[in-house]
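Here is how the chains run, residue by residue.
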Amino acid sequence: MHNRRTVLAALAGAASLALTSTACGQNGEGDSEDSPGDRTVGLAMPTRTSERWLTDGKSLVQSLKDRKYKSKLVYGDDNPKVQISQIQNLIKQGVDALIIASIDAKSLDGVLQTAADADIPVIAYDRLILGTKNVDYYVSFDNEMVGRLEAHHIIEKLGLEDGKGPFTIELFAGSPDDNNTKYFFDGSMALLEPFLAGKQLVVPSGQTALDKITTLRWDGPTAQKRMSGILGQWYRGKRLDAVLSPYDGISRGILSALKSDGYGSAGKPLPVITGQDAELASIRSIIAGQQSQTVYKDVRLLARAAAEMVDDILNGRTPYLDSSTDYNNGTKDVPAVLLQPVSIDKANYDVLVRDGYFTEDELK
């Protein structure tokens, strides 16, 4: 336990906490004025180009505000060096804790040593921070389960367990510098590998190793370019039946390439395409019969879990944990809280409306 936490725990009963929080400014940073007794949490998010991360930022600010914490929210805009500089600034500003969704999971050891020297606890948010002892906890969804849900959808839609096939499939993975990429892939392969080994699923491109199928920064146009190349080289006179995609933005890029190749007609139907994050554009695509599936991770719940963990840490309580040994960052086992994801397709997307994640009007 950090010394600062012990001091804060002793002061908790007497401190009067102001209810102030901040939003993202033009330069990607939020700011707020300090006042006596306040505790401020630094929030370092990876990008503003994804709907999901904008929702995370907003949800974290609100969840901390509900617990009477101030927040300083910054977005690194997919630049690891920018994120390091932003975290350095948050440390200089004297934040009481840091919640970090890393851009490059292996780039933060130096700046987190500075945080540790200042007795600032660090929570890795959604993405495990690698190669450092100076990360205290990890809050995420069950990432292997995400991959399993994507693979299960493909298996079910193609009827693989009924012995149907062979079918063609191509594999896409997330960013190579995001530790979650491996968990998603491993979860999917745990279910798909038997069908690949039995030739019910065939990958014409031969691109099956993780290092051959990653998509830097989870970028949709990058996935679109790769899909176009695969179609041009390996699918002349052959139809693609399924695509394992780990994220909705990648899925939409894949869809663009497929449509440009003539898919989406009665004579050339779209393949089964998975996804993740239940982004609005992809839910509309699912309703329209284009993208097949996504994995719904209610990031409002993730933000609440992170805020509750901060509150426990800063008040000298041990947070509730789901796992103490399953998430090793290469230097230590990072204690983790894991939430459960939900598979969404055309049959059950109304779950998102019932949960208040989207309105019916938004889905039209």
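Just so you know, these numbers come straight off a predicted model, no measurement behind them.

K.L.:
Help me understand the pairing of strand β6 (residues 167–171), please; the structure alone is not making it clear to me.
P.N.:
Along any regular strand, the residues point their side chains to alternate faces of the sheet. For β6, the buried fraction is high: 5 of the 5 residues fall into the buried class. Judged by which residues are buried, β6 turns out to be covered on both faces: F167, I169 and L171 on one side and T168 and E170 on the other are all buried. Two strands pair when backbone bridges link them, and β6 and strand β7 (residues 201–202) are joined in this way by 2 bridges, in the parallel orientation. Following the sheet pairing, T168 is matched in β7 by V202. In terms of handedness, the path from β6 via helix α6 (residues 180–197) over to β7 forms a crossover that is right-handed. Pairing analysis gives 3 bridges linking β6 to strand β8 (residues 242–244), with the strands arranged parallel. Across the sheet, residue L171 finds its bridge partner in β8, namely L244.

K.L.:
What is the right way to read the environment of D56 from this model?
P.N.:
Tracing the chain through its elements places D56 in helix α2 (residues 51–66). Along the primary structure D56 and L301 are separated by 245 residues, whereas in three dimensions their C-alpha atoms are 9.7 Å apart. When near neighbours in sequence (up to four residues on either side) are disregarded, D56 contacts M45, Y125, V299 and L302. Engagement of the side chain of D56 in a polar contact is seen with the side chain of R52, the distance being 2.3 Å.

K.L.:
Just checking my understanding: could you explain helix α5 (residues 143–158) for this structure?
P.N.:
End to end, α5 covers 23 Å across 16 residues, agreeing with the expected 22 Å (1.5 Å per residue, within 8%). Listing the buried residues of α5 in full gives N143, V146, G147, L149, E150, A151, H153, I154, I155 and L158. Just downstream of α5 lies G159, where phi reads positive at about 70°.

K.L.:
Honestly, the packing of α5 against α6 in this entry has me stumped. Any pointers?
P.N.:
Working note: a packed helix pair is described by the angle between its axes plus the distance between those axes. It is at 7 Å that the axes of α5 and α6 come closest, and there the two elements cross at 35°. Crossing of α5 over α6 shows right-handed handedness. On α6, the residues touching N143, E144, V146, G147, R148, E150, A151, H152 and I155 of α5 are N180, Y183, F184, D186, G187, S188, A190, L191, L192 and F195.

K.L.:
Looking at this structure, how should I read the sheet that holds strand β11 (residues 336–339)?
P.N.:
Strand pairing in a sheet relies on backbone hydrogen bonds, with the paired strands running either antiparallel or parallel. Within the open sheet, the 6 strands sit side by side as β2-β1-β3-β4-β5-β11. Their pairing is parallel. Both edges of this open sheet fall to β2 (70–75) and β11, since each of them pairs with a single strand only. Sheet twist, expressed as the mean angle between neighbouring strand axes with direction ignored, is 15°. Judged from the 3 bridges that link them, strand β4 (residues 122–125) and strand β5 (residues 137–141) form a sheet pairing that is parallel.

K.L.:
How should I be thinking about the environment of G110 in this particular structure?
P.N.:
Here G110 lies in helix α4 (residues 109–117). When its relative accessible area of 51% is taken as the criterion, G110 is described as exposed. Along the sequence, G110 and N134 sit 24 residues apart, while their C-alpha atoms lie 9.5 Å from each other.

K.L.:
When you look at the nonpolar core in this model, what are you seeing that I'm missing?
P.N.:
Ranked by internal contacts, the top residues of the largest apolar core, which has 29 residues, are I99 and Y125. Of all the secondary structure elements, the ones that give two or more residues to this core are β1 (40–45), α2, β2, β3 (97–100), β4, β5, α11 (299–314) and β11. If you tally residues by element for this core, the top one is α11, at 9 residues. In terms of nonpolar packing, the next biggest core, distinct from the first, is built from 26 residues, A44, A105, V111 and I120 among them.

K.L.:
Sorry if this is basic, but what is going on with the pattern of salt bridges here?
P.N.:
A side chain of one charge can pair with a side chain of the opposite charge if their charged atoms are brought near each other. According to the stated counting rule, one finds 18 salt bridges in the structure shown. A salt bridge links R239 to D241; its shortest N-O distance comes to 3.4 Å. D277 serves as the salt-bridge partner of K297, at 3.7 Å between the closest nitrogen and oxygen. With a gap of 20 residues between them, K297 in the loop between β10 (293–296) and α11 and D277 in the loop between β9 (272–273) and α10 (280–287) connect regions that are remote in the sequence. Just as K297 is buried, D277 falls in that class too. Connected through shared salt-bridge partners, R52, D56, D126, D277 and K297 make up one network.

K.L.:
Would you mind going over the pairing of β1 with me for this structure?
P.N.:
Among the 6 residues of β1, 6 are classified as buried, and the element is accordingly described as predominantly covered. Both faces of β1 are covered, namely the face carrying T40, G42 and A44 and the face carrying V41, L43 and M45. Inspection of the sheet shows β1 paired to β2 by 6 bridges, in the parallel sense. Within β2, the position partnered with M45 by the bridge is Y75. In this fold, the crossover linking β1 to β2 by way of α2 has right-handed handedness. Note that β1 and β3 share 4 bridges and pair parallel. Across the sheet, A44 pairs through a bridge with I100, a residue of β3.

K.L.:
What is the right way to look at the environment of V243 in this model?
P.N.:
Checked against the element boundaries, V243 lands in strand β8. Sequence-wise, V243 and M227 are 16 residues apart; in three dimensions their C-alpha atoms are separated by 9.7 Å. Leaving out residues up to four positions away in the same chain, V243 has contacts with I154, I169, E170, F172, M227, I254, P271, V272, I273 and T274.

About the cut-offs
- Residues numbered from 1 in each chain as written.
- Predicted model: local features only at pLDDT ≥ 70, side-chain atom pairs only at ≥ 80, totals over all residues.
- Heavy atoms only, no water.
- Buried < 20%, exposed > 50% of the residue type's maximum accessible area, 1.4 Å probe, protein only.
- Helix = DSSP H or I, 4+ residues; strand = E, 2+ residues; numbered from the N terminus.
- Pairing = 2+ DSSP bridges.
- Right-handed = clockwise from strand over helix to strand, strands pointing away.
- Contact = heavy atoms within 4.5 Å.
- Polar contact = N/O pair within 3.5 Å; in protein donor to acceptor, adjacent residues only side chain to side chain.
- Expected span 1.5 Å × (residues − 1).
- Axes fitted to C-alpha atoms, helices over the stretch in contact; angles between N-to-C directions.
- Left-handed = near helix turned anticlockwise from the far one by under 90°.
- Core = buried A, V, L, I, M, F, W, Y, C linked by side-chain atoms within 4.5 Å.
- Salt bridge = Lys/Arg side-chain N within 4 Å of Asp/Glu carboxyl O.

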